[in-house]
Amino acid sequence: MPLLSLITFVPLVGAVLILALKEERKGLIRGLALAAAGIPFLLSIYAYAGFTSSAGMQFMENLSWIPSFNIHYKLGVDGLSLPMVLLTGLLSVISVWASFGIEKRIREYFFWFLLLETGMLGVFVSLDFFLFYVFWEITLVPMYFLIGVWGGPQKEYAAIKFFLYTLAGSVFMLLGILALFFASGDPGARTFDMIELSARSPLFAGAKFWWVFLALYVGFAVKIPAFPFHTWLPLAHVEAPTAVSVILAGILLKMGVYGLLRVNAAILPDLMIKFLPVLIIIAFINIIWGAFCAMGQRDMKRLVAYSSINHMGYCLLGIAAITGSYSAAGLSGAMFQMVSHGIITGSLFLLVGIIYDRAHTRNMDEFGGLASKMPLFAGLMTVQCMASLGLPGLAGFVGEFLCFLGAFGRTEQRIFVALSVIGILVTATFFLKLLKDVFLGEFNTKWEGRLSDVTGRELGTLAPLVALTVFFGVYPRPILDATEAAVRFLVDKTSAAAAAPAASTPATSAAVPLPAPATAVPR
Amino acid sequence: MPLTSLLPEIVLALAAMTILLGETAWRRASRFWVIPGAAAVCAAAVLAVKVPAASGGMFVMDGMGRFLKIVVASGALLTLGLSSGMKSWRPRGISWGAFVSLLLLSTVGLMLLVSSADWLMLVVSLELVSVTCFILTGFLKDDRRGSEAAIKYFLMGAFSAGLMLYGISLYYGVFGTTSLNALRTADLNVVPRLPLVGAAFFVLAGLGFKMAIVPFHMWAPDVFEGAPLPVTAFISSAPKAAAFGALLRALPNLDGLGVSGVVAILSLLTMTVGNVGALRQTNIKRLLAYSSIAQMGTVLMGAVAGGDSGRGAVLIYVLFYLFMNLGAFACAAVVADDAGTEDLGAFSGLARRSLPLALCATIFFFSLTGIPPLAGFVGKFSLFAAALEHGWAWLAVAAVVNSVVSLAYYAGIVRRMFFDEATRPGRVGLSISLAACVAAAVAVTLGAGLFPDRVLAWVRSSLP
């Protein structure tokens, strides 16, 4: 059974079917959308059940697609991508359910939403670089519409800014992909196969591949978003409708980190190592800058958006540990942080959306004393804020701890890691201030009778996320075990590149013996 | 050379004459004449595949010729569909027979152009295209803008033809013949350099006018705006495709002539001027005119790169461009019909009034931008690949930056269609022939984007 193809394209089928329905049949459209998002999630759980965590790529599918350029329709998942597929499935179901309140043009809404899901899943399961790029770009278009039609007051500006920024990043990625293709061998042996490219990584060492590395890095850094390419994020997050913010923060940002690991680390390990001193500084800036920007916000959604920049900084910090003595911990931490950030920040956006639906404002100054009026809401929000600020026992802590552990394993540049700890402190400050301003103190009487506690549907969307936050906080093994083999592969890859004398003879690339394709699959 | 190799052109020319005479004889000044016209174009396209190959002398019939003849015929067919389906074209009392036969004659010229093996043949066929296009541009005699555009187009065209003839005379001076083969077989190290480079530049200038390459692009926005919409659709696609075919045949190796650097700079300027110009337009035809300038600059990159991959990328792109561009024009025709204006504001709220049409238009505009999985992306991908392969990385970087800039105005139209509220009530209706045009263009844009290999293989096998 082509399991990964089913996971990827069921949402697309649902999207097309929805387009064929009449706008008036709202119940049917919503039901169909939920089914189209639910089936891939169930299938991805099935895939997880059959996944061997100690092995490499699994559930592979490989068909020839465009022989003229040796492009294949090649899918597969490993420990790096499977958690992302699961996360995408989960957050998509929850976001579709959370979108049931949308009344405006719902046929188009769910069409774009499900198209977006296909794009995201496709990015995580593709093993051919061309296919990867196609899915990568497919995610841009629906997001443009979702922000632009259903967004907030500045939606049009936010939508085009998002589109232009990320397209600018990704077109450079396209050139990088092409450059890798042309450098991957003699005319007959060139390939877009990401596993094969990774196996041939000695070919891509040396200074003349710097611009390729940077072109690819820029494409991913815009998505992460890593400083200085982060300026699109607050606007897009704030203007997007709630469910879209969940997807944006929960999954689209992870596509950038995923690409950084899957491409820059696995295909260009030599330059990745040389880039680490810069990456660690970028991680540091992301952490500190994101945290301080978040502290200055009075709009809750904006605060959560900036905290995402801060959290992605931890991810980068974990990745920057790749040459240290605790590199496995750092990489595991980065991957864990991707999942936990998706769950925690996704639920925070849902929570902020709940209060915005009732009060039509997200300004913290206008609230106060809500704990007594909305006790359940206050409880859920408190748990997730604590998780986000890294309270031990909740999911956020595990990822941050491992990222820092890994980063301290590097002997150089420890000062930046040490300074980054300040970010945790600031994060705690602004989340606690948020809780204090919104839930404690004097109740603003203008909300009297207008703020009801969470409804059944809202609780339904939040409960799984909160439960997972607690579960992964006390028992992180399911994620760490799944990612183990992928982490080991990346660590081996980079340490092999570090051990090689920097492949000082890239000019004789034709002379480098190419590994036989049969052995190309990393374990 | 067997005369049967000329059958596509012969059929089209005979059909053009018959339609012209038939209209006078039967006095049926109606849309009826589109039907025999379309039938003749289809017949010519089928014949272009079937007729025997020919080479030597004035005329070649090879793989590239067949490919481009089909491209040109597709353009003519879509234009016929577009013109017969556009309501705002009808009440002006135009002579349909004359319109159809002029379009067919123009197509004959284009088909001859892509098969020319001799400069004289090339000039004659180019003039046939030009003259018919001048008349088509000013076809609505009571329209002052159209007449003005026709005069501009004519003056510029005459000037460029002069430049081109001058280049050919230099070419003749170098080689003692006007055959295109002379350049291909000559040893470039022994022929006198300066006259040859001069010939290349003047010839490029002549073809550059047709392709609207900077600095020979000035006519395009005014002519595109002034000409009736179906004519604009035609002259923005088919002649450009054919002119690129002629360029590939006449100057297959820009690098060998030592002019590739200059042409690369022209390519860069063309994309940039086109894109920057398009950003500020408020009229859909003018916007598409600038967009077409920018797109042709991108295609020129393939000619600069050269080699099989570069030439192949040019051919792929002109095919895909023809369909996505004519698709965009078909959508514009529907919108302009409905609103009675060609202002961009006419697109406002189209998604509320006809979601399928808005989605189709979105596909065309995003394909023109180069977003996968659409045909335009495959075309741009091939062009970028060719540029990188042949060491034109800086040009490829400039081209991708330009792609991002072009998103700003293409997405501007999409924004109007989806984000803005409708300014007019009711649904947008479209005639059967316009719907067929849009459907055909969408089928190619989406189908070739998802499964491009057949087209890529076809192009590869048709390269000379």
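Residues numbered from 1 in each chain as written. Chains lettered and ligands numbered in written order. Predicted model: local features only at pLDDT ≥ 70, side-chain atom pairs only at ≥ 80, totals over all residues.

A short note on the overall build of chain B
Each helix and strand in chain B was counted, giving 21 helices and 0 strands. Against the globule reference of 23 Å for 464 residues, chain B gives a C-alpha radius of gyration of 21 Å, in line with a compact fold. Its C-alpha atoms give chain B principal-axis dimensions of about 70 × 55 × 40 Å. Relative to its 464 residues, chain B shows a buried fraction of 62%. Restricting to contacts in chain B with at least 6 residues of sequence separation, those with at least 24 account for 81%. (Helix = DSSP H or I, 4+ residues; strand = E, 2+ residues; numbered from the N terminus. Rg over C-alpha atoms; globule rule 2.2 N^0.38 Å. Buried ≥ 20, exposed ≤ 12 C-beta atoms within 10 Å, placed from the backbone. Contact = placed C-beta atoms within 7 Å.)

A few points about the interface of chain A and chain B
Taken together, the contact pairs 24 residues of chain A with 24 residues of chain B. For the side of chain A that touches chain B, the secondary structure elements donating two or more residues are helix H5 (129-138), helix H6 (140-150) and helix H7 (155-183) of chain A. The greatest single-element share of the side of chain A that touches chain B, amounting to 13 residues, is contributed by H7(A). The class makeup of the residues in the side of chain A that touches chain B is 20 nonpolar, 2 polar and 2 charged. (Nonpolar A, V, L, I, M, F, W, Y, C, P; charged D, E, K, R; others polar.)

Re the pairing of strand E2 (residues 71-77) of chain A
Along any regular strand, the residues point their side chains to alternate faces of the sheet. Residues and elements named next belong to chain A. Extensive coverage of E2 is indicated by the burial of 6 of its 7 residues. Of the pairings in the sheet, the one linking strand E1 (residues 58-66) to E2 comprises 6 bridges and is antiparallel in character. In the strand pairing of E2, Glu61 is matched with Leu75. (Pairing = 2+ DSSP bridges.)

Considering the packing of helix H3 (residues 82-98) of chain A against helix H14 (residues 327-359) of chain A
Residues and elements named next belong to chain A. Between H3 and H14, the least distance of the axes is 10 Å, while the angle of their chain directions is 5°. What the angle tells us is that H3 and H14 run roughly parallel. Contacts between H3 and H14 involve Pro83, Leu87, Leu91 and Ala98 on the former and, on the latter, Met335, Val339, Gly342, Gly346 and Leu350. (Axes fitted to C-alpha atoms, helices over the stretch in contact; angles between N-to-C directions. Parallel < 35°, antiparallel > 145°, perpendicular 65-115°, else oblique.)

Thoughts on the domain arrangement of chain B
All names here are of chain B. As assigned here, chain B comprises domain 1 (1-252) and domain 2 (253-464). The straight-line distance from the C-alpha centre of domain 1 to that of domain 2 is 21 Å. In this complex, domain 1 contributes 43 residues to the contact, which on the side of domain 2 involves 52 residues. Breaking the side of domain 1 that touches domain 2 down by element, the ones donating at least two residues are helix H3 (63-85), helix H8 (193-211), helix H9 (219-226), helix H10 (229-235) and helix H11 (238-250). No other element matches the 12 residues that H3 contributes to the side of domain 1 that touches domain 2. Of the residues that constitute the side of domain 1 that touches domain 2, the class distribution is 27 nonpolar, 11 polar and 5 charged. (Domains from an automatic or database assignment.)

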